Amino acid sequence: MRRRAFISLATVLPLAGCTSMLGGGGVDTTIEDDEIVEFEVEDGATLSISVDVQEVNEIGDDGDVDVEREGVGLRIDHVDEGVIDTRTIQDSESFELSVDTGGPHRVMVIGGTADVTIE
């Protein structure tokens, strides 16, 4: 019985988290403040993006600032050509984004933590 369990785990674990191997280069992860996650996109692709905000960071560390953020910032860039889209997300949001130029792209969350899925 243990041998079967080991063989099953040995087969499944190397594929965990490898969306680029299975689906052609997506993202399905939790991204923290200013963390960058890179992914590949084909020319003319339409991306389905889902964001679920986990935490919104407070502004300022000195305690004198009495301002709250509305949500987290989401930024999607083409590595060579710059910013494609930016938006503020308060709770959760799903949207589509058309990408003209394929190649390496990156996504980042600013001002908090969010679960991000890009297909």
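Right above here is the structure, for reference.
On a predicted model such as this, the values are computed, not experimentally measured, just so you know.

With that settled, the discussion passes to the overall build of the chain. Regarding its fold elements, the chain presents two helices and eight strands. In sequence order, the chain lays out its α and β elements as α-α-β-β-β-β-β-β-β-β. Looking at the chain residue by residue over its 119 residues, the buried ones come to 29%. A separation of at least 24 residues holds for 69% of the contacts in the chain among residues at least 6 apart in sequence. Working note: accessible area of the chain is about 8,000 Å², and carbon and sulfur atoms make up 45% of it.

A word on the sheet that holds strand β2 (residues 36–41). Reading across from one edge, β2-β7-β4-β5 is the order of the four strands in this open sheet, with antiparallel pairing throughout. The open sheet has two edge strands, β2 and β5 (82–89), and neither has a second partner. Strand after strand, the sheet turns through a mean of 20° between neighbouring axes, direction not considered. Of the strand pairs in this sheet, β2 and strand β7 (residues 103–110) are connected by six bridges, and their pairing is antiparallel. Directly across from Ile 36, in β7, lies its bridge partner Met 108.

Turning next to a negative patch on the surface. Judged by side-chain charge, Glu 32, Asp 33, Asp 34, Glu 35 and Glu 55 come together as a negatively charged surface patch. Mapped onto the elements, Asp 33 comes out in the loop between β1 (27–31) and β2. According to the relative accessible area criterion, Asp 33 is partly exposed, its value standing at 35%.

Rules used in this analysis
- Residues numbered from 1 in each chain as written.
- Predicted model: local features only at pLDDT ≥ 70, side-chain atom pairs only at ≥ 80, totals over all residues.
- Heavy atoms only, no water.
- Helix = DSSP H or I, 4+ residues; strand = E, 2+ residues; numbered from the N terminus.
- Buried < 20%, exposed > 50% of the residue type's maximum accessible area, 1.4 Å probe, protein only.
- Contact = heavy atoms within 4.5 Å.
- Areas by Shrake-Rupley, 256 points an atom, 1.4 Å probe, with all protein chains shown as cover.
- Pairing = 2+ DSSP bridges.
- Axes fitted to C-alpha atoms, helices over the stretch in contact; angles between N-to-C directions.
- Patch = residues over 30% accessible without salt bridge, like charges linked within 9 Å, V, L, I, M, F, W, Y side chains within 5 Å.
- Salt bridge = Lys/Arg side-chain N within 4 Å of Asp/Glu carboxyl O.
- Lys, Arg positive; Asp, Glu negative; His and termini not counted.
- Charge placed at Lys NZ, Arg CZ, Asp CG, Glu CD.

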